Amino acid sequence: MAPWLIAIIVVFGILFLYVAIMMVLFALVMRKLIWVRGKDPDNPCFLRFEDYRNELERKPYETFYYGKKIAGFLYKERGRKDFSGFVILSHGLFGTHVQYLIDIDMLCKAGYVVLAYDQYGVGLSEGKNQESLGTGIYVLENVIADVERRNLNDSLPIVLYGHSWGGYCVTGALRKHPEIAKAVSRSGFVSPTKAGLDALRHFCRPFYFLLAPVVYPISWLLIGRRNMRSALKGMKNHSTKCLFIYSLDDEMVFPENALACHFKDHPQENAEFFIRETGGHNSLLTPQSMENYRNLVKDYQAITVIEDPEERKKRSEAFVGSLDRRNQYRLEETVRDRILSFLEKE
């Protein structure tokens, strides 16, 4: 066999092995983060609906996505009869819609009915796993169509609201729904594939450099082009007024993939942006609130490793009894006011 032919075979063999290994690593990352059932953190420091029972009331909601139940609740301020609009809330990764009770409470008190659902493969909804970030757009489009078909909004203007994964979803879902009055995207990203690469670059740089050259063809093979959808396709809708909120110190979504930064660099008439220097990934909450939560979780985790069962139970009960979940969180007023003023203005 000619030396040049041997060289070609060796090169192609190395490339094949490289791509195969990267596909396995990509699949392992997906299996860890996306191809799992989504659920709320397993600790008592996390908010519960019971914490808002005196202020909010809710009733169950469900629709279907390819035969799988998508479930959530319709929330409204207790006793309120007149409403300004109907908000569909799309939650972020690593939890259910319950992690957004703070947002729900804020919106309900501002006069909105809020439909907050769990994404496919998350919480109350069916589905073996979350499938892909792109799936979230299609599920939201399905929820919008269901709301309009059944007039669950009682002819009130519909507003989309999302954070992180949800911010990506509400932007992407606008493509087919120019009738949506407004949309608020907090910490939303442009591309799910780019978001994954950015996370790797931040948390595991060697893996990033290995995967970056082949991530797009591997994504296409493992999750399909349909699920690699860019949120910017939704902004072909030039009629829905949109607000994009972002903090430059966001540890999960980086500026080069942030929707707010995109529209700062590429202005669009129906797109407003509000970019802050600080605020982290969830800029609606004060930094002290986030620190309070992290410290409480550490305190609880220290209790869970106590070896003596009776002592562990005693300490756990005392800890839970001392929690004041509602008041451990404080809204960042500038962000809250920007959201509410955007929703209120004509």
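Below or above, wherever it landed, is the structure these notes cover. (Residues numbered from 1 in each chain as written. Predicted model: local features only at pLDDT ≥ 70, side-chain atom pairs only at ≥ 80, totals over all residues. Heavy atoms only, no water.)

With that out of the way, let us pick up the pattern of salt bridges. Using the criterion set out here, one finds 16 salt bridges in the structure. Put simply, R326 and E55 hold a salt bridge, and the shortest N to O gap is 2.9 Å. Of this pair, R326 sits in the loop between α10 (309-322) and α11 (333-344) while E55 is found in the loop between α1 (3-33) and β1 (56-65), placing the two residues 271 residues apart along the sequence. Relative accessible area serves as the criterion here: at 26%, E55 is assigned to the partly exposed category. (Salt bridge = Lys/Arg side-chain N within 4 Å of Asp/Glu carboxyl O. Helix = DSSP H or I, 4+ residues; strand = E, 2+ residues; numbered from the N terminus. Buried < 20%, exposed > 50% of the residue type's maximum accessible area, 1.4 Å probe, protein only.)

This part is about the environment of S125. Relative to the helices and strands, S125 is located in the loop between β4 (112-117) and α3 (135-150). Its relative accessible area of 2% is what places S125 among the buried residues. Taking the C-alpha atoms as reference, S125 lies 10 Å from K39; in sequence the two are 86 residues apart. Among residues more than four places away in sequence, those in contact with S125 are R37, K69, I70, A71, D118 and Q119. (Contact = heavy atoms within 4.5 Å.)

Our next topic: the pairing of strand β5 (residues 158-163). Burial within β5 is extensive, with six of its six residues counted as buried. Of the two faces of β5, the one carrying I158, L160 and G162 and the one carrying V159, Y161 and H163 are both buried. As judged from the five bridges shared by strand β3 (residues 85-90) and β5, these two strands associate in the parallel manner. Each bridged residue has a counterpart across the sheet, and for S90 the counterpart in β5 is G162. What joins β5 to strand β6 (residues 182-186) is helix α4 (residues 165-172), and the crossover it makes is right-handed. (Pairing = 2+ DSSP bridges. Right-handed = clockwise from strand over helix to strand, strands pointing away.)

Taken together, the side chains of W4, L5, I8, I9, V11, F12 and L15 make up a nonpolar region of the molecular surface, amounting to roughly 700 Å² of accessible area. One can find V11 in helix α1. Using a relative accessible area of 45% as the deciding quantity, one classes V11 as partly exposed. (Patch = residues over 30% accessible without salt bridge, like charges linked within 9 Å, V, L, I, M, F, W, Y side chains within 5 Å. Areas by Shrake-Rupley, 256 points an atom, 1.4 Å probe, with all protein chains shown as cover.)

The next point concerns the sheet that holds β1. The strand order β1-β2-β4-β3-β5-β6-β7-β8 describes an open sheet built from eight strands, whose pairing is mixed. Looking at strand neighbours, the two that pair on one side only are β1 and β8 (271-276), the edges of this open sheet. Here the average twist between neighbouring strands, direction ignored, is 20 degrees. Sheet analysis places β6 next to strand β7 (residues 241-247), joined by five bridges and oriented parallel. Its bridge partner lying in β7, S185 is registered against F244. (Axes fitted to C-alpha atoms, helices over the stretch in contact; angles between N-to-C directions.)

For α1, which comprises 31 residues, the first-to-last C-alpha distance of 45 Å matches the rise-based estimate of 45 Å (1.5 Å per residue) to within 8%. Burial in α1 covers these residues: M22, F26 and M30. Turning to α1, the residues buried within the fold contact α6 (205-211) and α7 (215-222). (Expected span 1.5 Å × (residues − 1).)

A few words now on the packing of aromatic side chains. Counted according to the given criterion, the structure contains 10 aromatic pairs. Relative to Y293, the ring of F46 lies with its centre 6.5 Å away and its plane at 65 degrees, an arrangement referred to as edge-to-face. Placement of F46 in the loop between α1 and β1 and of Y293 in helix α9 (residues 287-304) is noted, with a sequence separation of 247 residues between them. In this structure, F46 and Y293 share a single accessibility class: buried. An aromatic cluster is defined as three or more aromatic residues linked by ring pairs; in this entry it consists of F46, Y293 and Y329. Taking NZ or CZ as reference, R58 lies 3.8 Å from the ring centre of F73, over its face. Stacked on the ring of F342, the Lys or Arg K182 has its end atom at 5.2 Å from the ring centre. (Phe/Tyr/Trp six-rings, centres within 6.5 Å; stacked < 30°, edge-to-face > 60°. Lys NZ or Arg CZ within 6 Å of the ring centre and 35° of its normal.)

Attention shifts here to the state of the cysteines. Here a disulfide denotes one covalent bond, and it connects the sulfur atoms of two cysteines. Across all of its chains, the model carries zero disulfides by this definition. This cysteine, C242, is not joined by any disulfide, and C169 carries the nearest cysteine sulfur, 14 Å off. Classification of C242 by relative accessible area gives buried; the value is 2%. (Disulfide = S-S within 2.5 Å.)

Further remarks concern the packing of α3 against α4. Direction vectors running N to C along α3 and α4 enclose 60 degrees, while the axes themselves pass 8 Å from each other. The orientation of α3 with respect to α4, classified from their angle, is oblique. Our pair here, α3 against α4, has a crossing hand that is right-handed. Across the interface between the two elements, G136, I137, L140 and E141 of α3 pack against W165, Y168, C169, V170 and G172 of α4. (Parallel < 35°, antiparallel > 145°, perpendicular 65-115°, else oblique. Left-handed = near helix turned anticlockwise from the far one by under 90°.)

In this structure, β7 lies alongside β8, joined through six bridges in parallel fashion. Note that in β8 the partner of L243 across the bridge is E272. Once you follow β7 into helix α8 (residues 259-265) and on to β8, the crossover reads as right-handed.

Residues I88, L140, V143, L160 and L211 are the most contacted members of the largest nonpolar core, which totals 58 residues. In this structure L140 touches I88, Y117, L160, C169, V170 and A173, once residues within four positions along its chain are discounted. Core analysis: the second largest hydrophobic core is formed by 43 residues, F46, V98, Y100 and I339 among them. (Core = buried A, V, L, I, M, F, W, Y, C linked by side-chain atoms within 4.5 Å.)

These figures come from the coordinates and say nothing about function on their own.
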